[in-house]
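Listed below, chain by chain, are the residues.
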Amino acid sequence: MLPIGSAAPDFRLHSTPDQQYSLKDFSGRNLILAFYPADWSPVCGDQMTLYNEMLQLFRKQNAAIVGISVDSKWCHQAYMQSRNLHFPLLADFEPKGAIAKAYESYDDKEGQCLRSLYVLDAEGVIRWNHLSPPSVNPGADGILDALGKINAKK
């Protein structure tokens with residue numbers, strides 16, 4: 001994982017076939033990056049559903065969230081619609097896993113993202129990170145604690 005206090009690598013990834021996001025799109029807000037192995041898998045589904053339910057709490061902490069996996073923009077679009085998700089899932093599809101690799105969140109053996117979390121402050125500096133085993137939903141407590149600490153420094 002990238003170290004606390006380092007600048008987050010920039011990215012530009014598709015969320016849907018006609019929409020892209022970059023790190024700069026979130027400047028001025030805290031940002032949660034949730035790398036996860038795959039759409040349609042049980043643990044990932046539970047994790048993304050939990051974050052969807054936590055959106056109001058994240059927003060109260062001046063935070064946005066994005067999920068990132070190596071699934072395609074088409075897969076993400078279908079998955080977001082089926083799960084009624086209200087935050088973007090970004091396709092680190094081609095070159096496969098390039099952004100996950102930049103964040104040291106790629107599993108070369110499995111060819112998918114690791115289940116890792118980063119919380120960035122409004123200037124794009126990494127303030128918290130966490131790596132979970134693939135079969136463990138990391139929940140949201142660590143994210144909320146990190147956001148609270150960021151906002152307490154203001």
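To keep things clear, this report deals only with the structure shown in the data block.

Criteria and cut-off values
Residues numbered from 1 in each chain as written. Predicted model: local features only at pLDDT ≥ 70, side-chain atom pairs only at ≥ 80, totals over all residues. Heavy atoms only, no water. Helix = DSSP H or I, 4+ residues; strand = E, 2+ residues; numbered from the N terminus. Polar contact = N/O pair within 3.5 Å; in protein donor to acceptor, adjacent residues only side chain to side chain. Expected span 1.5 Å × (residues − 1). Buried < 20%, exposed > 50% of the residue type's maximum accessible area, 1.4 Å probe, protein only. Arc of directions from axis to C-beta.

## A short note on the environment of Arg-127
In step 1: For Arg-127, the position within the fold is in strand S9 (residues 126-132).
In step 2: Sequence separation between Arg-127 and Tyr-106 is 21 residues, and the spatial gap between their C-alpha atoms is 20 Å.
In step 3: A polar contact of 2.8 Å, which involves the side chain of Arg-127, links it to the side chain of Asp-121.

## Some remarks on helix H1 (residues 42-53)
In step 1: In this model, H1 (twelve residues) spans 17 Å end to end at C-alpha, consistent with the 16 Å of a helix rising 1.5 Å per residue.
In step 2: All of the buried residues in H1 are Cys-44, Gly-45, Gln-47, Met-48, Tyr-51 and Asn-52. Viewed end-on, H1 has its buried residues packed into an arc of 165°, placing them on one side of the element. Away from its buried face, by an angle of more than 90 degrees, H1 presents the exposed residues Pro-42 and Glu-53.

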